[in-house]
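Below, each chain spelled out in residue letters.
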Amino acid sequence: MRAYPRLILTAVTVMICMSLPVQTFNAGQGTSVHPASRLAREARSLQSNQIEAGNSSSYSGALDSQSSVEKQRHIIEMMRHAWNNYKLYAWGKNELNPISKRAHLSSVFGSGEMGATIVDGLDTLYVMGLTDEFREGRDWIAEHFNINEIDSELSVFETTIRFLGGLLSCYALTGDTIFRDKAAEVADALLPAFETPTGLPYALINPSTNASRQYHWADSNSILSELGTLHLEFSYLSDVTGREVYKNKVDKIREVLYTIEKPGDLYPNYINPRTGQWGQRHISLGALGDSFYEYLLKAWLASNRGDEQARTMFDTAMQAALDKMLRVSPSGLAYLAELKYGWVIEEKMEHLSCFAGGMFALAATTLENSFSERYMDVARKLTHTCHESYFRSETKLGPEAFRFSNAVEARAQKSDEKVYLLRPETFESYFIMWRLTKEQKYRDWGWEAVQALEKHCRVEGGYTGLTNVYHQNPQGDDVQQSYFLAETLKYLYLLFSDDSLLSLDEWVFNTEAHPLPIKGKNPLYRMASTPVPIEDNRV
């Protein structure tokens, strides 16, 4: 009999000395035996003497002394608060305006009813054992999610990481084929964007018309972090459907990026899909570049280390990046600056780059080579710097970007840099660093963030971002991002879980925190039994 993966254990299972096997969640049977359901039931009955649902001023210092299991229960309650208000005020729409209590119609996916928060947050519900909420989300997807009915432009990148990634994660976790089939529909809707002379996709596509184009602000170029952050999802989709068409598309992207000449072993953020030539030589491990490098490492991990080309590309690029982009402030804080034509253009680091601490830690611990020690040292230092950007704000939440000079370190200076958009990247690094080092400070820092979120971001209608993290009573931006449910709360929950829950030995998280199984190591990989015949392998 096939052994169940370590996913089945949760922190509460360990704490109460239970080891019950989990069976696949089957929506058709109307029941669930996910072992986290007990924890979920306890979370439902958790009294709000520490937090009264719907009262943004209900933060209490009593949160400080809770155990890890109690902290998990608390984060589950946060998830339920975010989900229930989305359900109440914006069900089926993409995101929520939690202050004005209505649907957010100007999100990255526009006003269409794609249910971005449902698809993005569903695997978090499952992992937390919120089976009733999971079931209602699953049923909405089965009955109402039809990407081909969307008559507006969608980002190929965002649709891949949130929708395709979220659906594939739910398929891996549950085996429910509705998720696999809907994932294939999403990928099929995106495929026309890849019809370029080089195979590098355009940025935007209209699923109803198949028309695709670039962002106006990028001129004729595609974005490195977007076209380079499709590999995990498309490769896994090919394996679970038996249709090679998806993997062929991302393999073509890899071929172009592998063979093109790289300036100083680095990859500029812009590339023209018609000519295959680089655009302006702007290089970043923040916006426009970040997740390309993340996916090189994770493609190698997801393939059970079989994709050696990806690991080689990662190590070569990271050595160049650390030599040229890693900076140290006057007080000793390490940060990743941006380059343009080989020169540092600004002494600042973006919140988006704060994922890099976790990335370098994974690189250090998954392959022992001459780079390992350097990677781990950088991982610790970057994670510390990102924590400092939180600690140095009045809200204890981090700004969108922070600068370094003789006068200012790890603080934002421009108004558009002072916002907090419910971002997860720093918590992602806390989670990975805790799992790999067991240094208590990472859990302490994560709990500080939970308290700050409750004090400043929680409102009656959900959770809001902030317009200025340096105000003691900051104004909310009135947006509950779908990734708050997909990433922020998931990483904080896992930070306090047992290592066996979504073990890093068996799962790889896509850049939207959707866990995908490692091939050959995770019995939930769910490889298609037979390949699809070539004549049926086209869209």
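Conventions we followed
- Position labels on residues start from 1 in each chain and follow its written sequence.
- The predicted nature of this model means local features are confined to residues of pLDDT at least 70 and side-chain atom pairs, given and counted, to a pLDDT of 80 or more, with totals for whole chains, interfaces and linings taken over all residues.
- In computing side-chain properties, one takes all heavy atoms of the structure into account and sets aside hydrogens as well as water.
- In this analysis, strands are considered paired if DSSP registers two or more bridges between them.
- Strands are runs of DSSP state E lasting at least two residues, helices are runs of H or I lasting at least four, and both sets are numbered from the N terminus onward.
- UniProt positions are given in the numbering used here, feature names are shortened, and annotations may be inferred rather than shown by experiment.
- Here, residues are in contact when the closest pair of their heavy atoms is within 4.5 Å.
- Note on classification: 1.4 Å probe, protein chains only; a residue is buried when its accessible area is under 20% of the maximum for its type, exposed when over 50%, partly exposed between these limits.
- Disulfide assignment relies on a single distance test, namely cysteine sulfur atoms paired within 2.5 Å.
- Think of it this way: a Phe, Tyr or Trp ring, Trp meaning its six-membered ring, pairs with another when their centres are within 6.5 Å, and the plane angle makes it stacked under 30 degrees, edge-to-face over 60, tilted otherwise.
- Predictor confidence is given residue by residue as pLDDT, running from a minimum of 0 to a maximum of 100.
- Under this definition, polar contacts are N or O atom pairs within 3.5 Å; protein pairs additionally need one hydrogen-donor-capable and one acceptor-capable atom, and for neighbouring residues in sequence, both atoms have to be side-chain atoms.
- In this description, a line fitted to the C-alpha atoms serves as the axis of each element, helices being fitted only across the stretch in contact, and the angle between N-to-C directions of two axes falls anywhere from 0 to 180 degrees.
- Oblique is the label for every angle not falling under 35 degrees (roughly parallel), over 145 degrees (roughly antiparallel), or within 65 to 115 degrees (roughly perpendicular).
- Here a crossing is taken to be left-handed if its near helix is turned anticlockwise relative to the far helix by less than a right angle, and right-handed if that turn runs clockwise.
- Residue type decides the class: Asp, Glu, Lys and Arg count as charged, Ala, Val, Leu, Ile, Met, Phe, Trp, Tyr, Cys and Pro as nonpolar, and the leftover types, Gly among them, as polar.

Undergrad: Can you tell me about the sheet that holds strand β3 (residues 154-155), naming the residues and giving the values?
TA: Sheet strands pair by backbone hydrogen bonding; their relative direction is either parallel or antiparallel. Taken in spatial order, the 3 strands make up an open sheet running β3-β4-β5, and their pairing is antiparallel. Every other strand in the sheet has two partners, leaving β3 and β5 (212-213) as the edge strands with one partner each. Where β3 and strand β4 (residues 204-205) come together, 2 bridges link them in antiparallel fashion. Across the sheet, residue Ser155 finds its bridge partner in β4, namely Leu204.

Undergrad: Describe in detail the UniProt feature "active site" (unreviewed entry) in the protein, supporting the description with residues and values.
TA: When the UniProt feature table is mapped to this numbering, "active site" (unreviewed entry) covers Glu158, Asp290, Glu400 and Glu425. Considering the arrangement of structural elements, one finds Glu158 in helix α6 (residues 156-174). Leave out the neighbours within four places in its chain, and Glu158 touches Val108, Phe109 and Phe163. Relative to the helices and strands, Asp290 resides in helix α11 (residues 290-302).

Undergrad: Give me the side chain of Gln480: which residues, what numbers.
TA: Structurally, the position occupied by Gln480 is in the loop between β17 (462-463) and α17 (482-495). When its relative accessible area of 1% is taken as the criterion, Gln480 is described as buried.

Undergrad: Can you break down the state of the cysteines residue by residue, with the values?
TA: Evaluation of the coordinates by the stated rule reveals 1 disulfide. One disulfide bridge connects Cys354 with Cys386, the sulfur atoms lying 2.1 Å from each other. On the S-S bond that ties Cys354 to Cys386, the torsion sits near -95°, and the link is left-handed. Here the residue Cys354 occupies a position in the loop between β13 (348-350) and α13 (356-366), and Cys386 occupies one in helix α14 (residues 372-391), the gap between them amounting to 32 residues.

Undergrad: Quick one: what's the story with α13, residue by residue and with numbers?
TA: Every α-helical turn comprises 3.6 residues, leaving residues that sit three or four positions apart pointing alike. Counted residue by residue, α13 has 10 buried out of 11 residues, so it is predominantly covered. Residues of α13 that are buried: Ala356, Gly357, Gly358, Met359, Phe360, Ala361, Leu362, Ala363, Ala364 and Thr366.

Undergrad: Could you give me a rundown of unusual backbone geometry, with the residues and numbers involved?
TA: At Asp478, a position not held by glycine, the phi torsion is positive, near 65°. Following the sequence through the fold, Asp478 ends up in the loop between β17 and α17. A positive phi angle, close to 60°, is found at Arg526, a residue other than glycine. Assignment of secondary structure puts Arg526 in the segment after β19 (515-517).

Undergrad: Could you give me a rundown of the packing of aromatic side chains, with the residues and numbers involved?
TA: Enumeration according to the criterion identifies 30 aromatic pairs in this entry. With 5.6 Å between their ring centres and 50° between their planes, Phe194 and Phe234 make a pair best called tilted. Placement of Phe194 in the loop between α7 (177-190) and β4 and of Phe234 in helix α9 (residues 231-241) is noted, with a sequence separation of 40 residues between them. Given a relative accessible area of 3%, Phe194 falls into the buried group. Centroid distance Phe314 to Tyr375: 5.9 Å. Interplanar angle 55°. Geometry classified as tilted. In this pair, Phe314 sits in helix α12 (residues 308-325) while Tyr375 sits in helix α14, placing the two residues 61 residues apart along the sequence.

Undergrad: Now, about the confidence of the model for the protein: what can you tell me, with residues and values included?
TA: Averaged over every residue, the pLDDT of the protein is 89; residues scoring 70 or more account for 86%. Across residues 1-61 the pLDDT falls below 50, and counting only partners more than four positions away or on other chains, this stretch makes 126 contacts in the model.

Undergrad: I'd like a description of the environment of Asp188, backed by residues and values.
TA: Looking at the secondary structure, you find Asp188 in helix α7. For the pair Asp188 and Ile147, spaced 41 residues apart in sequence, the C-alpha to C-alpha distance is 9.7 Å. Side-chain polar atoms of Asp188 contact the side chain of Tyr246, separated by 2.7 Å.

Undergrad: I'd like a rundown of the sheet that holds strand β11 (residues 338-340), residues and numbers included.
TA: Within the open sheet, the 3 strands sit side by side as β8-β11-β12. Their pairing is antiparallel. Looking along the sheet, the strands with just one partner apiece sit at the ends: β8 (282-283) and β12 (343-346). When β11 meets β12, the two strands line up antiparallel, connected through 3 bridges. By the bridge assignment, Glu338 is partnered in β12 with Glu346.

Undergrad: Before we move on, could you go through the packing of α9 against helix α10 (residues 245-259) and cite the residues and values that matter?
TA: Where α9 contacts α10, the axes come no closer than 7 Å and their chain directions differ by 150°. In terms of orientation, α9 and α10 fall into the roughly antiparallel class. When you trace α9 past α10, the crossing you get is left-handed. Contact residues: α9 offers His231, Phe234, Ser235, Leu237, Ser238 and Thr241, while α10 offers Val245, Tyr246, Lys247, Val250, Asp251 and Arg254. Grouping the amino acids of the contact of α9 with α10 by side-chain chemistry returns 5 nonpolar, 4 polar and 3 charged.

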